[in-house]
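Analysis of the macromolecular model
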Amino acid sequence: GESVGLHLPTLSVQEGDNSIINCAYSNSASDYFIWYKQESGKGPQFIIDIRSNMDKRQGQRVTVLLNKTVKHLSLQIAATQPGDSAVYFCAETFGNMLTFGGGTRLMVKP
Amino acid sequence: GAVVSQHPSRVICKSGTSVKIECRSLDFQATTMFWYRQFPKQSLMLMATSNEGSKATYEQGVEKDKFLINHASLTLSTLTVTSAHPEDSSFYICSARDFRRSNTEAFFGQGTRLTVV
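So, here's what we can say about the structure. (Residues numbered from 1 in each chain as written. Chains lettered and ligands numbered in written order. Predicted model: local features only at pLDDT ≥ 70, side-chain atom pairs only at ≥ 80, totals over all residues. Heavy atoms only, no water.)

Description of the state of the cysteines
Per the counting criterion, the structure on display carries two disulfides over all chains. Through a disulfide, Cys23(A) is tied to Cys90(A); the S-S separation comes to 1.6 Å. Here the residue Cys23(A) occupies a position in strand β2 (residues 19–24), and Cys90(A) occupies one in strand β8 (residues 86–94), the gap between them amounting to 67 residues. Given a relative accessible area of 7%, Cys23(A) falls into the buried group. Owing to a relative accessible area of 4%, Cys90(A) belongs among the buried residues under this scheme. The disulfide that involves Cys23(B) links it to Cys94(B), with 2.0 Å between the sulfurs. Its S-S torsion of about 80 degrees marks the bond between Cys23(B) and Cys94(B) as right-handed, since a negative value means left-handed. You can see Cys23(B) sitting in strand β3 (residues 19–25) and its partner Cys94(B) sitting in strand β9 (residues 90–97), a full 71 residues away along the chain. Judged by relative accessible area, Cys23(B) falls into the buried class, the value being 0%. Cysteine Cys13(B) shares no disulfide, and the gap to the nearest cysteine sulfur, in Cys94(B), comes to 18 Å. (Disulfide = S-S within 2.5 Å. Helix = DSSP H or I, 4+ residues; strand = E, 2+ residues; numbered from the N terminus. Buried < 20%, exposed > 50% of the residue type's maximum accessible area, 1.4 Å probe, protein only.)

So this is what it looks like as structure tokens:
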């Protein structure tokens, strides 16, 4: 795995603002990327995914951007809500390997 | 979305005993299951990858005799923490994926909070 012993950075945003969470991935051969949301004491939940042949994908209130040149992934959340408060992880896959990035804690202020 | 059921959600055991955690894919067949460990306020650390019917592949630093993984069917994988010690206390999470379908996400169980006393 790539993420060993990393403490999570925190992003604090005002309710209603847009949030941008960034992730650097490690394997230039990774072909599929996923963003997960993890609430306290629970397992990760799928948010959105993107293939390596795309650079942008939009969902409901969320957008994922992929920059393969610099191995960077971002998650944009529009009109952030209190229920969006959680830890967000990106994950990359290559073959049957699924490894996680370091994660970011999103805190939404009312 | 697909459902992965992980059991138990919480377990407290005495030091020296063994604990088994089950991970089941309820509505799809999981060709590959992953086991992760997560310490408080940290990311998920991949422990091992198991393919149905074959031995698990362990990440560097993970003791295979300590963390026994069995993936006997396409819907069930188990992780057994043998001779548990307090330092094994952690949040363990499984995930499952069907690699026969292209570009499928991995679905996660709800995690197991293990406390060794």
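Having seen the model, we can carry on.
Description of the sheet that holds β2(A)
Residue and element names in this part refer to chain A. Taken in spatial order, the four strands of this open sheet run β2-β7-β6-β5, and their pairing is antiparallel. Two strands close off the open sheet at either side, each with one partner strand: β2 and β5 (56–58). If you compare each strand with its neighbour and ignore which way they point, the axes differ by 15 degrees on average. Of the pairings in the sheet, the one linking β2 to strand β7 (residues 72–77) comprises six bridges and is antiparallel in character. (Pairing = 2+ DSSP bridges. Axes fitted to C-alpha atoms, helices over the stretch in contact; angles between N-to-C directions.)

Some thoughts on the nonpolar core
Nonpolar side chains tend toward joint burial in soluble globular proteins. In terms of nonpolar packing, the biggest core is built from 24 residues, with Val4(B), Trp35(B), Leu79(B), Tyr92(B) and Leu114(B) touching the most fellow members. Of all the elements in the fold, those that place two or more residues in this core are β2 (10–13), β3, β4 (32–38), β5 (44–51), β7 (67–73), β8 (76–81), β9 and β11 (112–116) of chain B. Counting 19 residues, the second largest nonpolar core, distinct from the first, contains Val13(A), Leu66(A), Ile77(A) and Val108(A). (Core = buried A, V, L, I, M, F, W, Y, C linked by side-chain atoms within 4.5 Å.)

By themselves, these figures tell us nothing about what the structure is for.
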